[in-house]
Amino acid sequence: YFYWEYFHDANEEGSRLLKSHAAAIRSSPDFGNETTFYDPSGLQEALELQALGVSCTPADNDVLLGIGDVRQLLQRDPRTGRPKMYILDNCEELISEFETYSHPMNSEGFPDRDAIIKSRDHSIDCARYIARSSRVQYASYSMRRAVGLN
């Protein structure tokens with residue numbers, strides 16, 4: 001379940017110190033009972049968040065495999081008729097990004113499934129990290145990602 005997200009757009013809201021981000025992450029309803037994944041390219045920020053009390057785990061950030069994992073989790077299970085991934089309405093940024101996430105067109109006018117248009121995708125990147133990095137089915141995770149930290 002995606003039931004809580006922390007999203008900060010530094011371009012819209014201005015920059016914040018990592019201690020402000022850490023405080024927001026620690027306000028998660030299940031803080032301490034969840035895994036916080038980070039993009040391995042953001043190691044310095046992850047180390048600083050850990051120093052501020054937010055334990056971080058490097059994500060598997062393989063884009064195409066992660067997209068496949070998310071796609072698979074969103075498909076309805078033929079036995080139950082339900083998907084394995086749920087996104088609650090209050091995850092507004094994630095929902096918005098799902099609506100605009102797309103592949104560029106190739107020279108024949110078809111979507112290039114080996115590429116992604118990288119725009120407004122920080123929350124959906126988190127969904128990929130969770131789907132790809134987590135090996136535990138039906139676990140609950142909260143999302144957090146601050147724009148401009150990497």
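Residues numbered from 1 in each chain as written. Predicted model: local features only at pLDDT ≥ 70, side-chain atom pairs only at ≥ 80, totals over all residues. Heavy atoms only, no water.

Asks: Would you mind going over the overall build of the protein chain with me for this structure?
Replies: Helix and strand counts for the protein chain come out as 6 helices and 4 strands. The secondary structure elements of the protein chain, listed N-terminal to C-terminal, are β-α-α-β-α-β-α-α-α-β. The proportion of buried residues among the 150 residues of the protein chain is 39%. Once local pairs closer than 6 in sequence are excluded, the contacts in the protein chain between residues at least 24 apart make up 61%. Surface summary for the protein chain: the accessible area is close to 8800 Å², and the carbon and sulfur share equals 50%. (Helix = DSSP H or I, 4+ residues; strand = E, 2+ residues; numbered from the N terminus. Buried < 20%, exposed > 50% of the residue type's maximum accessible area, 1.4 Å probe, protein only. Contact = heavy atoms within 4.5 Å. Areas by Shrake-Rupley, 256 points an atom, 1.4 Å probe, with all protein chains shown as cover.)

Asks: Help me understand helix H2 (residues 18–26) in this model?
Replies: Residues that lie three or four places apart on an α-helix share one face, since the helix turns once every 3.6 residues. Turning to H2, its buried residues are Leu18, His21, Ala22, Ala24 and Ile25. Along the axis of H2, the buried positions cluster into a sector of 160°, meaning they face one direction only. (Arc of directions from axis to C-beta.)

Asks: Mind showing me how you'd approach the packing of helix H5 (residues 92–100) against helix H6 (residues 122–133) here?
Replies: The geometry of a pair of packed helices is captured by two quantities: the angle between their axes and the separation between those axes. Where H5 meets H6, the closest approach of the two axes is 7 Å, and the angle between their N-to-C directions is 95°. Classed by the angle they form, the pair H5 and H6 counts as roughly perpendicular. Touching Glu93, Leu94, Glu97 and Phe98 of H5 are His122, Ser123, Ile124 and Ala127, all from H6. Among the residues forming the contact of H5 with H6, the class breakdown is 4 nonpolar, 2 polar and 2 charged. (Axes fitted to C-alpha atoms, helices over the stretch in contact; angles between N-to-C directions. Parallel < 35°, antiparallel > 145°, perpendicular 65-115°, else oblique. Nonpolar A, V, L, I, M, F, W, Y, C, P; charged D, E, K, R; others polar.)

Asks: Looking at this structure, how should I read the confidence of the model for the protein chain?
Replies: Predicted coordinates in areas of low pLDDT are best not read in detail. For the protein chain, per-residue confidence averages 86 on the pLDDT scale, and 89% of positions sit at 70 or higher. The element-level mean pLDDT for the protein chain is lowest in strand E4 (residues 141–146), coming to 43, with helix H3 (residues 43–51) highest at 95. Contacts from residues 136–150, a stretch scored under 50 in pLDDT, to residues over four places away or in other chains number 54 contacts. (pLDDT = per-residue confidence, 0-100.)

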